[in-house]
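# Overview (structure and organization)
Listed below, chain by chain, are the residues.
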Amino acid sequence: MAVFDTPQEAFGALRPVCVQLTRAQTVENVARLQAHLAAVSASALQELQEYVLFPLRFALKVPGPKQERLVQSVVQCISSVLAATCVKKQELLQELFSELCTCLSPPSGSGRPAPLSEELKLAVIQALHTLMHSAYGDVILSLYQPSTLPLLGFAVSLLLGLAEHEKAKQIKISALKCLQVLVLQCDCQEHRHLDEDEAQQCGDLFASFLPGISITLSRVITGDIKQGHKPTVSAIRLFYLIVGLVMADAQLARIPKNKEKLPAEQSRISELTVHRGPDWSKSTAEKLSLLLHKMVEFSSVHPHWKVRLELVELVHHLLRNCSQSLVDSFSHLLKALVGLVNDENSEVQSRCNEVLQGIAEQRIVAQNRALADVLSENLHSLATALPRLMNSQDDTGKVSTLSLFLGYLKLLGPKINIVLNSISHLHRLSKALMQVLELDVTDVKIVEDRRWGCESTCRPSGSLQHGVQKGRCQKKYFRFFTEEKVFQLLQQVCRVLGYYGNLYLLVDHFMGLYGESGMYRKQAAMVLNELIAGAAGVGVDVLQEREVSLNTDDLKGSITSILDEYTDQANWYLITSIDTEEISHEHSVQHSGLTARPGACSSILLPSPELHVTTRTMNSNIWQICIQLEGVGCFAAVLGKEFRLLLLSALYPVLEKAGDKTLLISETALGTLVDICEACSYDSLQCLINENSDYLVNGISLNLRQLAHQARASQVLDTMLRHSDASLLPLVEDVIQDVLSTLDQSYNNQASTFLRVLHSVMAALVQWFGSSCGEKHRQRQTAEWQSRTLSQGQHMVTRQEVERFFLDYVRQKQIAEGNFPDAGDEEADEIPPLAKLEPNDSATEGETSLPSHAQLAKDVMERCIHLLSDGNLRVRLKVLDVLELCVTVLHPHGNHLLPMAHRVWPALVTRLISDDPLAVLRAFKVLCTLAQKCGDFLRQRFSKDVLPKLTGSLLSQAPASARAGPVYNHTLAFKLQLAVLQGLGSLCEKLDMGESDLNKVADACLIYLSAKQPMKLQEAAQSVFLHLMHVDPDSTWLLLNEVCCPHQYEPPHTSLRPVKLSGMGRQRNEFTDNVLLLLERLQQRE
């Protein structure tokens, strides 16, 4: 609390020190006055303001040199008085202002500030700052009259000199803040707001200082980065505040064209003032544009985020106040603003987005044609340079460039049609997108990756739909960039164009590019897809809503025209592979193991010599189809349930591609089907297919009758079968019968195509009926066995039954070994059971009629029997695949399966013993399936026709595999050995082979227990012996012990002979490890 509250008391206390200071101007006297002032209240000091200031001002006016310490203490004391009081007189304000400025005045003739201490400079600047804040609103305006222009100019030049040349950061910052107060743009809220006329008057005055202020500030802003960020931030703020005041559109609009004539006494003053007419405004704007360009380039890459943030404020302030006067400068300003949208600092990003949003909401660009023209020119220039920049910049630079490009489009908003309606602009923009979006089509893997039909046969459609959803859009590889962010920005560019632009114009233009050249087709399709998404408002980020919402009919019309172009034969059915499956393997593969059939040259289908298709072309075609498929999915998502009307034209082609052998195409097509399901509100892919199956089946039926369309029709049917359920079977049954009828008439020509259809059908039947029927069959067999066991256990076994059992056993063993008393008896034994099992006599057996799926499998199997001996290897391989599936479907219906197995056997044996190794492999797989389903029905046939060849092949190939290196594992001979070894054990078990046959198998496989054999062959041989243990463990044990016997067997009594086995006492050899392992497994079983 002050001691002196009244003016009288304060005067009594202050008078002696003031008198003393007037007499002797010393630092001590100033300090004494400063101490007394601390004890005076603000109200009392206000009354004595001029009295107290007199000795202090007098000390500054005393002629002659003065100590800097004295001047500094006087200025600081004046500051403390002014901070506690208000200046109410205009004369006092001007005099104090002049006296304080004089303290900083340089020596006469010098343009630089006086060589004063930093402390004194800082004290004077703070005193000026305090003086400007202590003046009343009306009083301070007296300082901004034409008559005071020289004084103001003096102060401005002093402060600018300090801001530019001083090294001390604090002085720079204080000088800039003082200048900000001096031009009535202080950040604090204490000052009275200027009305329109007052602001206009100040603008006229400050126009005189604008060149000096703007040039000096630009030098400060672009000065040495070592000065820190605070002086730069302060200089940027002062720059846009003074420019925004002097160049304000509202003020310049009120300026008369001609300068008013002043009285004669003011003529000299009038020379200092500036008339802000049109000529001056234009000239000044041009000069400011140069400065702004320089400042923006420096500040936009400044390492400190606050400088970049202040740059955003500069653009915002000038755009809001000077959008017409500085329109030529906004080329640089908007470029900086849009470029900072992706700034690394979140605050700069956030503020930048706010400013852009505000520009859009206030429709600054939409209502300013000149500004829209500037943006469109910027866009044209950037589009021209875009391919070069994308080819030369790194990924960060590409992101910045595209962010700028996108920002221009967003700022233009509804005015984007200014660009699109210009032919040169649209041409440049579209060609830039075509070049930038060029795909990299050099990857051979895209062409090599194939889809195998067996991959999806056992997978339910629901799980497939869920799997496809996770990776809907295929990752693309572009020629000019790798960063995913770059592609996302390009997507946004296209979507913003579609959102604001004239859709008919854009679609028509890019459809023209699509048809113009194959080089642009993929890029044009990508752009068209994104244009449609943007037009529908899907995934597009904009600053303002469009003026007119898009009509659904217009959107549907554009989509229909694009869809028609996509699915046109010239664009949909492209060469994506050179199908090498037709090329016979007989010429390139050495037959190993089994005897090759002589003269096995099949028909060779090679591409025509005039068709030169490179890998790049096929890769390009694959991507084009994928992009078009993604487009169909996009169109479905856009139209929703309205897309159901287009399913008649879209669904069939997409299903074709879902059955394509190229993996990328089939995966993309499945993703498109999932998109269609979601858009059209189908619960699943299965529902989509079933509900549209009528017209799909009709299309398949028609196309199967045309040779050129058969392959594609088979792909559609394959896709339908793989992704539907058994309810589809009645719908496609007629089509399948048509296929079988056509196949009967053209075995030589279209067998391969129709076999693909039949394979799809049988695979679907196995998926729908195979597991369930097989399970029921197994349950029925188990129930019968259990009932038989129970019935046997309920009565005592008699001597006659035991005798009958052994007699039957001996007879069955003789039959199995082929020991018949008469050849005629053999035929008699063999034929009657078969005769009973023929379909014609099924009624006598009480067999019910076959279900439709089983009858279908039987009909297909009939055709397979005839085609097994086809001259084309590819056909034979497909037939074997189909045959295996037929056996699986017919398994529960033994009375029909066994006769068919009897009929197929001769042709199958031929494939097993004298065919290409590939066919042998596939035939052996079929044999294993037959054995599993038919059981001991095949025992004698296998023993007589196949087993000798198999064992002979194994024995003959064993030396070669024992001495072969690691490369041997990749040969066809190795694969054949491995397949035979892996299947032979289960065959012996399923067929319940006799002892002599088992011995042949054991002898042939024993050599593969050698450690010299490849590891996989050793493991396969072990599996054979493991199966033999189930069939005849005693013989297996004896055979293994003959090779290596780890134990000595002592007789239980001396009268018995000692047990001698060949393997006793043998040294460790190549068979030891595997034999010991098998013996251990055998012991564990017991």
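This is a predicted model, so every value here is computed, not measured. (Residues numbered from 1 in each chain as written. Predicted model: local features only at pLDDT ≥ 70, side-chain atom pairs only at ≥ 80, totals over all residues. Heavy atoms only, no water.)

## Here's the deal with the overall build of the protein chain
Summing up its helical and strand segments, the protein chain has 49 helices and 0 strands in all. The burial tally for the protein chain puts 53% of its 1086 residues in the buried class. Sequence-distant contacts, at least 24 apart, represent 78% of the contacts inside the protein chain between residues at least 6 apart. With the model as given, the accessible surface of the protein chain reaches about 50200 Å², and the carbon-plus-sulfur share is 52%. (Helix = DSSP H or I, 4+ residues; strand = E, 2+ residues; numbered from the N terminus. Buried < 20%, exposed > 50% of the residue type's maximum accessible area, 1.4 Å probe, protein only. Contact = heavy atoms within 4.5 Å. Areas by Shrake-Rupley, 256 points an atom, 1.4 Å probe, with all protein chains shown as cover.)

## What about the nonpolar core?
Membership of the largest hydrophobic core comes to 344 residues, with the highest contact counts inside it found for L314, F643 and F942. If we ignore the near neighbours within four places in the chain, the residues touching F942 are W905, L927, L947, P948, L950, L984, L987, L991 and M993. Counting residues in each nonpolar core, the second largest holds 5 residues, with L921, L972, L976 and A979 among its members. (Core = buried A, V, L, I, M, F, W, Y, C linked by side-chain atoms within 4.5 Å.)

## Thoughts on the pattern of salt bridges
It is possible for side chains of opposite charge to pair when their charged atoms get near one another. A complete count under the given rule lists 28 salt bridges for this structure. Its salt-bridge partner being E99, residue R57 comes within 3.0 Å of it at the nearest N-O pair. Placement of the pair is R57 in helix 4 (residues 49–61) and E99 in helix 6 (residues 90–104), with a sequence separation of 42 residues. The same class applies to R57 as to E99, namely buried. For E484, the salt bridge is made with K475, and the minimal N-O distance between the two is 3.8 Å. The exposure class assigned to E484 is partly exposed, which follows from its relative accessible area of 36%. We classify K475 as partly exposed; its relative accessible area is 45%. Salt bridges here are not isolated pairs; linked through shared partners, they connect R57, K61, E95 and E99. (Salt bridge = Lys/Arg side-chain N within 4 Å of Asp/Glu carboxyl O.)

## So, a nonpolar patch on the surface
The grouping of V802, F805 and F806 at the surface amounts to a nonpolar patch, some 310 Å² of accessible area in total. Looking at the secondary structure, you find V802 in helix 38 (residues 799–817). (Patch = residues over 30% accessible without salt bridge, like charges linked within 9 Å, V, L, I, M, F, W, Y side chains within 5 Å.)

## Observations concerning the side chain of S701
Residue placement: S701 occurs in helix 34 (residues 693–704). Overall, S701 belongs to the buried group, its relative accessible area being 14%. What S701 contacts, discounting residues up to four positions off in sequence, is V735 and D738.

## Quick word on a positive patch on the surface
Together, K169, K177, K230 and K306 make up a region of like positive charge exposed at the surface. Within the fold, K306 resides in helix 16 (residues 305–321). With a relative accessible area of 38%, K306 lands in the partly exposed category. (Lys, Arg positive; Asp, Glu negative; His and termini not counted. Charge placed at Lys NZ, Arg CZ, Asp CG, Glu CD.)

## A few points about helix 46 (residues 995–1006)
When the terminal C-alpha atoms of helix 46 are compared, their 16 Å separation across 12 residues agrees well with the 16 Å that a helix rising 1.5 Å per residue should span. Turning to helix 46, its buried residues are D997, L998, V1001, A1002, A1004, C1005 and L1006. Close packing links the buried residues of helix 46 with helix 44 (939–963), helix 45 (972–991), helix 47 (1015–1031) and helix 48 (1033–1043). (Expected span 1.5 Å × (residues − 1).)

## With respect to the packing of helix 11 (residues 196–221) against helix 12 (residues 229–246)
A pair of packed helices is captured by two measures, namely the crossing angle of their axes and the spacing between those axes. For the pair helix 11 and helix 12, interaxial distance at closest approach is 8 Å and the crossing angle is 145°. The handedness of the crossing between helix 11 and helix 12 is left-handed. For the pair helix 11 and helix 12, the contacting residues are A199, G203, F206, A207, L210, I213, S214, L217, V220 and I221 in the first and P231, T232, A235, I236, L238, F239, I242, V243, L245 and V246 in the second. Split by residue class, the contact of helix 11 with helix 12 holds 17 nonpolar, 3 polar and no charged. (Axes fitted to C-alpha atoms, helices over the stretch in contact; angles between N-to-C directions. Left-handed = near helix turned anticlockwise from the far one by under 90°. Nonpolar A, V, L, I, M, F, W, Y, C, P; charged D, E, K, R; others polar.)

## Side note on the confidence of the model for the protein chain
This prediction gives the protein chain a mean pLDDT of 82; 86% of its residues lie at or above 70. Note that residues 454–471 has pLDDT below 50 and, in this model, 24 contacts with residues that lie over four places away or in other chains. Taken together, the stretch residues 580–611 has pLDDT below 50 and engages in 57 contacts with residues farther than four places along the chain or on a different chain. (pLDDT = per-residue confidence, 0-100.)

## A word on unusual backbone geometry
With glycine set apart, most residues show a phi of negative sign, and most peptide bonds adopt trans. Positive phi is not limited to glycine here, since L184 has a value of about 60°. With respect to the element layout, L184 can be found in the loop between helix 10 (169–182) and helix 11. We note that S681 has phi near 60°; this positive angle belongs to a residue other than glycine. Summarising the element assignment, S681 is placed in the loop between helix 32 (663–679) and helix 33 (685–691).

## As for the environment of V233
Within the secondary structure layout, V233 lies in helix 12. Along the sequence, V233 and V307 sit 74 residues apart, while their C-alpha atoms lie 5.4 Å from each other. In contact with V233, other than residues within four places in its own chain, are K306, V307 and E310.

## Structural notes on the packing of aromatic side chains
For the coordinates displayed, the defined rule picks out 11 aromatic pairs. Here the aromatic rings of Y514 and Y566 are separated by 5.8 Å at their centres, their planes lie at 45°, and the arrangement is tilted. Of this pair, Y514 sits in helix 26 (residues 503–516) while Y566 sits in helix 28 (residues 552–566), placing them 52 residues apart in sequence. Aromatic pair F805 and F806: ring centres 5.4 Å apart, planes at 75°, arrangement edge-to-face. Through successive ring pairs, a cluster of aromatic residues spans Y144, F206 and F209. Against the face of Y573 rests R712, its NZ or CZ located 3.7 Å from the ring centre. (Phe/Tyr/Trp six-rings, centres within 6.5 Å; stacked < 30°, edge-to-face > 60°. Lys NZ or Arg CZ within 6 Å of the ring centre and 35° of its normal.)

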